Amino acid sequence: MDRKLIKDIIHSKKLPTNIPDCVTFSRNIFIPVTNVCRNRCQYCGFRQPIDAGEAYLLSKEDVKGILGKNKSATEALFTFGERPEEIPKFKEWLGDLGYSKMVDYLVDLSKMAIDSGLLPHSNMGLLSYDELELLKPLNASMGLMLETTATLSIHERSPGKDPKKRIQTICDAGKLNIPFTTGILIGIGESWEDRIDSLLKIGDLHVRYGHIQEIIIQPFTPKPGTKMSECPPPSFDDIKKTVAIAHEILPKEVHIQVPPNLTSPYELVLCGASDLGGVSEQTIDYINPESEWPSQRKLMEMMQGINLKERLPIYPLFIKKGWYSDEISNLIRKYSDKKGFRKN
Ligand code: SF4
């Protein structure tokens, strides 16, 4: 890494311009299985206390109903609060569905998604090596945000946000050859050094295992009713600089993803982003419900002439490398073209 160049980016008013051959996106069906979580991140507007009327756990029937909405997606995006079964009342809810562990429930939900023609991508929070191994054959890719390598007070009641533990899960996914999505959350009290350190760490993990398909640069957005509701989000200038630094630090095959419903993506693409993540036509962004997904037509307009290509939840490179199981190979063949993008 060229430290001087990184310093120049932080202090510069003019950033290096990059025009990629194409920018990618995927289509998903968003399935927020539960909003109960053992952590208490101070910016989170998704988690609900177990006794609040808003806390829930989706049943198989609920999930079947959501999967049935699919018209054109290739991905079933399963999201969760982390290790909710550590909360006794939740364990009862899960027991009522016939399970004692969320990971076993996800195995069956993933099979349902595959049977309905969708490729699962799940993000359960921290997982052990054995849990990742169990889920691997049923997932086209998996994800866990590193968020930051810094120890921050906003995570003081979130045992799962210990950076060492998150790095361990990402590392274990690498040992298992799981195509993986991670990312950093910016504007939560971390310094520029922390951001650079987090990006370097992710880059190192990819150099060791070759499994990071994309890294999300996610800006913090204040949510009403949270401890950080009055905190300002990062400036657009800071987001652009972070994307430019990520572009400098990360190996070129690691795509930089920016969420098109939380940012203005064209300028970020010029700074080095090359993916717009999963957008959903039938379901909302449950983590940021106030921010609507743009349609494909809108995404094309946003890209101002840069080629926009649809991909699957597993990137072309990993399809080429054969990093998927027999359980999902039919779907990958059905959906991908010769180069590994979505077939027209
Ligand atoms: S781990 Fe995720 S769901 Fe749980 S409190 Fe933190 S941000 Fe919210």
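Up top is the structure.
Residues numbered from 1 in each chain as written. Predicted model: local features only at pLDDT ≥ 70, side-chain atom pairs only at ≥ 80, totals over all residues.

S.K.: How should the packing of helix H6 (residues 163-175) against helix H7 (residues 192-209) be read in this particular structure?
M.R.: When two helices pack together, you describe them by how their axes are tilted relative to each other and by the distance separating the axes. Between H6 and H7, the shortest axis-to-axis distance is 9 Å and the interhelical angle comes to 20°. Considered as vectors, H6 and H7 are oriented roughly parallel to each other. As for the relative orientation of H6 and H7, their crossing is right-handed in sense. Contact residues: H6 offers Ile167, Ile170, Cys171, Gly174 and Lys175, while H7 offers Lys201, Leu205, Arg208 and Tyr209. A per-class count over the contact of H6 with H7 returns five nonpolar, one polar and three charged. (Axes fitted to C-alpha atoms, helices over the stretch in contact; angles between N-to-C directions. Helix = DSSP H or I, 4+ residues; strand = E, 2+ residues; numbered from the N terminus. Parallel < 35°, antiparallel > 145°, perpendicular 65-115°, else oblique. Left-handed = near helix turned anticlockwise from the far one by under 90°. Contact = placed C-beta atoms within 7 Å. Nonpolar A, V, L, I, M, F, W, Y, C, P; charged D, E, K, R; others polar.)

S.K.: Whenever I open this one, the site of the ligand confuses me. Can you help?
M.R.: In the vicinity of the ligand, the contacting residues are Cys37, Asn39, Arg40, Cys41, Cys44, Phe46, Arg47, Gly81, Glu82, Gly125, Ser158 and Gly160. When its residues are assigned to classes, the shell around the ligand shows four nonpolar, five polar and three charged. (Near = placed C-beta within 6 Å.)

S.K.: Sorry, what's going on with the packing of helix H2 (residues 60-67) against helix H4 (residues 102-115) here?
M.R.: The interhelical angle for the contact between H2 and H4, taken along N-to-C directions, is 30°, at an axis separation of 10 Å. Taken together, the axes of H2 and H4 are roughly parallel relative to one another. Handedness of the H2/H4 crossing: right-handed. Listed contacts from H4 to Lys60, Val63, Lys64 and Leu67 of H2 are Leu109, Met112 and Ala113. In terms of residue class, the contact of H2 with H4 is made up of five nonpolar, no polar and two charged.

S.K.: Explain the nonpolar core to me, please; I cannot follow it from the model alone.
M.R.: One recurring pattern in soluble globular proteins: nonpolar side chains tend to sit buried together. Within the largest apolar cluster, 85 residues are counted, with the highest numbers of intra-cluster contacts made by Ala76, Ile217, Val243 and Ala246. Apart from residues lying up to four places away in sequence, Ala246 is in contact with Leu199, Ile215, Ile217, Ile256 and Gly272. (Core = buried A, V, L, I, M, F, W, Y, C linked by C-beta atoms within 7 Å. Buried ≥ 20, exposed ≤ 12 C-beta atoms within 10 Å, placed from the backbone.)

S.K.: Sorry if this is basic, but what is going on with the pairing of strand E2 (residues 75-79) here?
M.R.: Most of E2 sits out of view: four of its five residues are buried. Taken together, the five bridges between strand E1 (residues 22-32) and E2 define a ladder with parallel strand orientation. Within the sheet, the bridge partner assigned to Pro32 lies in E2 and is Thr79. (Pairing = 2+ DSSP bridges.)

S.K.: How do you make sense of the pairing of strand E6 (residues 212-219) when you look at a structure like this?
M.R.: Moving residue by residue along a regular strand, the side chains alternate between the two faces of the sheet. Along E6, seven of the eight residues are buried, which leaves the element largely enclosed by surrounding structure. Where strand E5 (residues 180-186) meets E6, seven bridges bridge the pair, whose relative direction is parallel. Of the residues in E6, the one forming a bridge with Phe180 is Ile212. Handedness of the E5-H7-E6 crossover: right-handed. Sheet topology places E6 next to strand E7 (residues 255-257); three bridges connect them, and they run parallel. When the sheet's bridge partners are listed, Ile216 is paired in E7 with Gln257. Handedness of the crossover joining E6 and E7 through helix H8 (residues 236-249): right-handed. (Right-handed = clockwise from strand over helix to strand, strands pointing away.)

S.K.: Where do I start with unusual backbone geometry in this structure?
M.R.: When glycine is set aside, most residues are seen to have a negative phi, and most peptide bonds are trans. Look at Asn177: it is not a glycine, yet its phi comes out positive at around 55°. Its location among the elements puts Asn177 in the loop between H6 and E5. Of note in this structure, Gln304 is not a glycine but carries a positive phi near 50°. Inspection of the secondary structure puts Gln304 in the loop between helix H10 (296-303) and strand E9 (307-310).

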